[in-house]
Amino acid sequence: MILGIGFLAPLVLLFPLSWRQSVPGSGLILDQWTTANYTRLLFDAYYFKIFWRTFTIALYATLLSLALGYPIAMAIARSKGRAKVFLLAVVLTPLLTNVVARTLGLMILLGRHGPINNLLVQLGLPPLTLVPGVPGIVIGLTQVFMPFLILSVSSVLENIDPALVEAARSLGCTRFGAFRRVVLPLSVPGIVGGSLFVFLLSFSAFVTPQLLGGGMVVVMTTLIRQQAMVLLNWPFASAVAIVLLLVSIVLVGTYTRALGGAERRESTRVAASGKISSWGRAVQGLRSASYDLAASLGRAWARFARYLRPMGQALGRLRFMVRAGGWGGKALIIAFILAPLPIVIVSSFSGSSLIMFPPRGGFSVRWYVGLLSRPEYIRSVFISLQIAALSV
């Protein structure tokens, strides 16, 4: 009951406020109803550009999270013992740390004098301007929210019966063919669920776009803060928040209907009719024909492989190089997930006030001394601990 009130009460208050008229800059809310807030938000080119920028940033972060997170999810699902524990620790450790600290590490990593640009300079290449800017925000959102997609996909991959892959291989499929025909389709629910989760979190993120955008890249969440806290236009800020909420509801509803509704309708129809539709029989026939074709191609490849035995050593080296490249790529992804935290820890002992890595100015504890010598900082720490204790 208390949780319901806590979640619903702000929305109940927010919705009517979004239809009120205000005097920008004064904080005054007039007792007049108007549609101007939504009209301004939906039809003004400036605000539509902000909405589209937010949407594209969330979309790019989702696609990048999927591209980088799926191999790690596959590794978690296939590994056992200590390797599995290590990979899970890699994924879960960033989730247990503060997002501000991780974003600060990304600011150093992607900054003008960060390790990435230092490496480019050493190679004779021009440095990249990632922060502040949209590319830095996309990379930051990917690093912050990719663990959620990894956990979603890995949980689905672990439930796939290995016998299905073995059956595909026995019918002539290669490793990639078995993955494309069996593993990838069966992992679609995890992909869609994890991608939706990352997209919604990226679409409504505030801290990462604010810090990595340097206040120069305006997204929907920073627009809400600007309207509410700077311009004191609370009705318009409420309208922006309602639009964000509606987008989330539409996406979640579409996902639920796509995965749940279709299955329920199909099972109900089959149970009622007791037979498979003509379309279903056609699909099954097509699948059977494709399996027979794959088996025939597999047998043909086996006969052809007899003539390639002299090249077996070269093919073995090529296979080893491909596998080594795959594990090297996974190692880079793991480093990308973990890198911000060590960078922040090392930089906190820098004697220089410049944001760069490796830090300059020698080893120093000046920042910790300054933190412990200021009563307001200590008071902030105790307030944070009290809030955390009350939230348990």
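What you see is a predicted model; the values in this text were computed from it and never measured.

### Quick word on the overall build of the protein chain
Argument step 1. Counting secondary structure elements, the protein chain contains 18 helices and 2 strands.
Argument step 2. Total accessible area on the protein chain is roughly 24,200 Å²; 70% of this is exposed by carbon and sulfur atoms.

### Here's the deal with the packing of aromatic side chains
Argument step 1. Here the structure, examined in full by the defined rule, presents 13 aromatic pairs.
Argument step 2. On the numbers, 5.9 Å between centres and 80 degrees between planes, the contact of Phe51 with Phe203 is edge-to-face. Of this pair, Phe51 sits in helix H3 (residues 45-78) while Phe203 sits in helix H10 (residues 188-203), placing them 152 residues apart in sequence.
Argument step 3. Overall, Phe203 belongs to the buried group, its relative accessible area being 2%.
Argument step 4. Among the aromatic residues, those joined into a cluster by ring pairs are Phe51, Trp52, Phe55, Phe199 and Phe203.
Argument step 5. Here the basic side chain of Arg20 rests over the ring of Trp33, its NZ or CZ set 5.2 Å away from the ring centre.
Argument step 6. It is Arg366 that lies over the ring of Trp367; its NZ or CZ is 4.2 Å from the centre.

### Notes on the packing of helix H5 (residues 99-110) against helix H6 (residues 115-122)
Argument step 1. Across the interface, H5 lies against H6 with an axial gap of 5 Å and an inter-helix angle of 10 degrees. On the basis of the axis angle, H5 is roughly parallel to H6. Contacts between H5 and H6 involve Ile108, Leu109 and Leu110 from the first element and Pro115, Ile116 and Asn117 from the second.

### What about the pattern of salt bridges?
Argument step 1. Enumeration according to the criterion identifies 3 salt bridges in this entry.
Argument step 2. Two residues, Glu158 and Lys84, come together in a salt bridge whose shortest N-O distance is 2.6 Å. Here Glu158 is found in the loop between helix H7 (134-157) and helix H8 (162-170), whereas its partner Lys84 is found in helix H4 (residues 81-95), with 74 residues between them in sequence.
Argument step 3. Given the relative accessible area of 40%, Glu158 is considered partly exposed.

### Considerations on the packing of H4 against H7
Argument step 1. In the contact formed by H4 and H7, the axes pass within 9 Å of each other and the chain directions differ by 135 degrees. In this view, H4 runs oblique relative to H7, as classed from their interaxial angle. Remark: the crossing between H4 and H7 carries left-handed chirality. Every residue of H7 that contacts H4 at Leu88, Val91, Leu92 and Leu95 is listed here: Val144, Pro147, Phe148, Ile150 and Leu151.

### Points about empty space enclosed by the protein
Argument step 1. With the rule as written, the count across this model stands at 1 cavity of 30 Å³ or more.
Argument step 2. Of the volumes computed, that of the largest cavity is approximately 30 Å³.
Argument step 3. Along the walls of the largest cavity sit Thr54, Ile57, Leu141, Ser202, Phe203, Ala205, Pro209, Val219 and Thr221, which together make up its complete lining.
Argument step 4. Of all the secondary-structure elements, those providing two or more residues to the lining of the largest cavity are H3 and H10.
Argument step 5. Grouping the amino acids of the lining of the largest cavity by side-chain chemistry returns 6 nonpolar, 3 polar and no charged.

### Things to note about a nonpolar patch on the surface
Argument step 1. On the surface, Phe7, Leu8, Leu11, Val12, Leu245, Leu246 and Ile249 cluster together into a nonpolar patch covering about 680 Å² of accessible area.
Argument step 2. Those elements that provide at least two residues to the nonpolar patch are helix H1 (2-17) and helix H13 (234-273).
Argument step 3. Looking at which element gives the most residues to the nonpolar patch, the answer is H1, with 4 residues.
Argument step 4. In this structure, Val12 sits in helix H1.
Argument step 5. Here Val12 falls in the exposed class, since its relative accessible area comes to 56%.

### Considering unusual backbone geometry
Argument step 1. Cis geometry is adopted by the peptide bond preceding Pro132, which originates at Val131 and carries an omega value of -5 degrees.
Argument step 2. Positionally, Pro132 belongs in the loop between H6 and H7.
Argument step 3. The phi angle at Leu232 is positive, at roughly 60 degrees, despite the residue not being glycine.
Argument step 4. Of note, Leu232 is situated in the loop between helix H12 (220-230) and H13.
Argument step 5. Exposure remark for Leu232: the relative accessible area of 29% places this residue in the partly exposed category.

What counts, and where the lines are drawn
- Residues numbered from 1 in each chain as written.
- Predicted model: local features only at pLDDT ≥ 70, side-chain atom pairs only at ≥ 80, totals over all residues.
- Heavy atoms only, no water.
- Helix = DSSP H or I, 4+ residues; strand = E, 2+ residues; numbered from the N terminus.
- Areas by Shrake-Rupley, 256 points an atom, 1.4 Å probe, with all protein chains shown as cover.
- Phe/Tyr/Trp six-rings, centres within 6.5 Å; stacked < 30°, edge-to-face > 60°.
- Buried < 20%, exposed > 50% of the residue type's maximum accessible area, 1.4 Å probe, protein only.
- Lys NZ or Arg CZ within 6 Å of the ring centre and 35° of its normal.
- Axes fitted to C-alpha atoms, helices over the stretch in contact; angles between N-to-C directions.
- Parallel < 35°, antiparallel > 145°, perpendicular 65-115°, else oblique.
- Contact = heavy atoms within 4.5 Å.
- Salt bridge = Lys/Arg side-chain N within 4 Å of Asp/Glu carboxyl O.
- Left-handed = near helix turned anticlockwise from the far one by under 90°.
- 1 Å grid on protein atoms, 1.4 Å probe; cavity = no way out; pocket = protein on both sides within 12 Å on 5 of 7 lines; lining within 4 Å.
- Points joined across faces, edges and corners; volume = space filled by probe spheres on them.
- Nonpolar A, V, L, I, M, F, W, Y, C, P; charged D, E, K, R; others polar.
- Patch = residues over 30% accessible without salt bridge, like charges linked within 9 Å, V, L, I, M, F, W, Y side chains within 5 Å.

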